[in-house]
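# Summary of structural features
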Amino acid sequence: MTAAATSAAAAQVWAWLAEVSDPEIPVISIVDLGIVRGVRLDADGACTVTITPTYSGCPAMQVIADAITAALHAHGLQDVRLQNQLSPAWTTDWMSEEGKAKLKGYGIAPPAQQVIDISGLHAGAAISRRAQPRLTVACPNCGSTHTEITSQFGSTPCKALYKCLDCREPFDYFKCH
């Protein structure tokens with residue numbers, strides 16, 4: 001297979017994976033969520049998909065792995081290999097803008113800030129701890145920023161529960177990681 005054909009085939013695999021929904025938030029795909037980190041088509045015909053869990057111990061990862069395998073088998077790829085990559089750790093920065101818009105349309109406030117990248121720090125480096133400004137989370141229902149947190153824990157571990165003080169509706173907020 002030529003490099004161009006391999007690239008086109010990999011792009012097709014990415015498109016197929018973009019149709020696999022997250023089992024906890026079905027409106028967003030595993031590609032939009034940033035779980036899929038890479039696709040490689042090997043010379044022996046295998047397709048290796050690299051995935052990173054949203055957090056270690058995520059109960060949905062086996063369901064996601066099974067869905068990836070099933071989706072690719074359905075498209076004729078018989079030898080599917082999954083590679084778990086734990087480092088660097090998943091971050092909400094890997095979510096696509098389209099995915100964040102889908103979350104909002106589904107009634108879940110997307111992450112409100114970018115996570116600070118500390119991957120360049122070496123062991124023993126000092127991290128200054130400053131007071132963080134109050135997080136402003138916009139209501140996905142009415143758009144108001146007049147919201148408050150009611151619980152650090154929402155319907156899943158990656159979400160917090162907020163309420164809007166204007167429209168009075170409760171909503172989940174996808175926490176920054």
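Each remark here, short or long, concerns the structure printed above.
Residues numbered from 1 in each chain as written. Predicted model: local features only at pLDDT ≥ 70, side-chain atom pairs only at ≥ 80, totals over all residues. Heavy atoms only, no water.

### Some details on the pattern of salt bridges
If you walk through the whole model with that rule in mind, you get nine salt bridges. Among the ionic pairs, Glu 97 bridges to Lys 100, the shortest N-O distance being 3.5 Å. Here the residue Glu 97 and the residue Lys 100 both occupy positions in helix 3 (residues 97–106), the gap between them amounting to three residues, near one helical turn. Overall, the relative accessible area of 59% leaves Glu 97 in the exposed class. Overall, the relative accessible area of 18% leaves Lys 100 in the buried class. (Salt bridge = Lys/Arg side-chain N within 4 Å of Asp/Glu carboxyl O. Helix = DSSP H or I, 4+ residues; strand = E, 2+ residues; numbered from the N terminus. Buried < 20%, exposed > 50% of the residue type's maximum accessible area, 1.4 Å probe, protein only.)

### Observations concerning the nonpolar core
Formed by 30 residues in total, the largest nonpolar core has its most connected members in Val 13, Leu 17, Val 49, Ile 68, Leu 72 and Phe 174. Among the elements that make up this core, the one with the highest residue count is helix 2 (residues 61–74) (five residues). Each of two domains, domain 1 (1–84) and domain 2 (107–113 + 134–176), supplies a minimum of three residues to this core. Non-local contacts of Val 49, meaning those with residues more than four positions away in its chain, are made with Leu 17, Val 36, Gly 38, Ile 68, Leu 72, Arg 81, Leu 82 and Gln 83. Ala 109, Ala 160, Tyr 162 and Phe 171 belong to the second largest nonpolar core, which has eight residues in total. (Core = buried A, V, L, I, M, F, W, Y, C linked by side-chain atoms within 4.5 Å. Domains from an automatic or database assignment. Contact = heavy atoms within 4.5 Å.)

### Description of the sheet that holds strand 4 (residues 108–109)
The sheet built from four strands is open, its strands ordered 4-7-6-5 with mixed pairing. Of all strands in the sheet, those with a lone pairing partner are strand 4 and strand 5 (147–151), marking the two edges. Relative to strand 7 (residues 170–174), strand 4 runs parallel, the two sharing two bridges. Within strand 7, the residue paired with Ile 108 across the bridge is Asp 172. (Pairing = 2+ DSSP bridges.)

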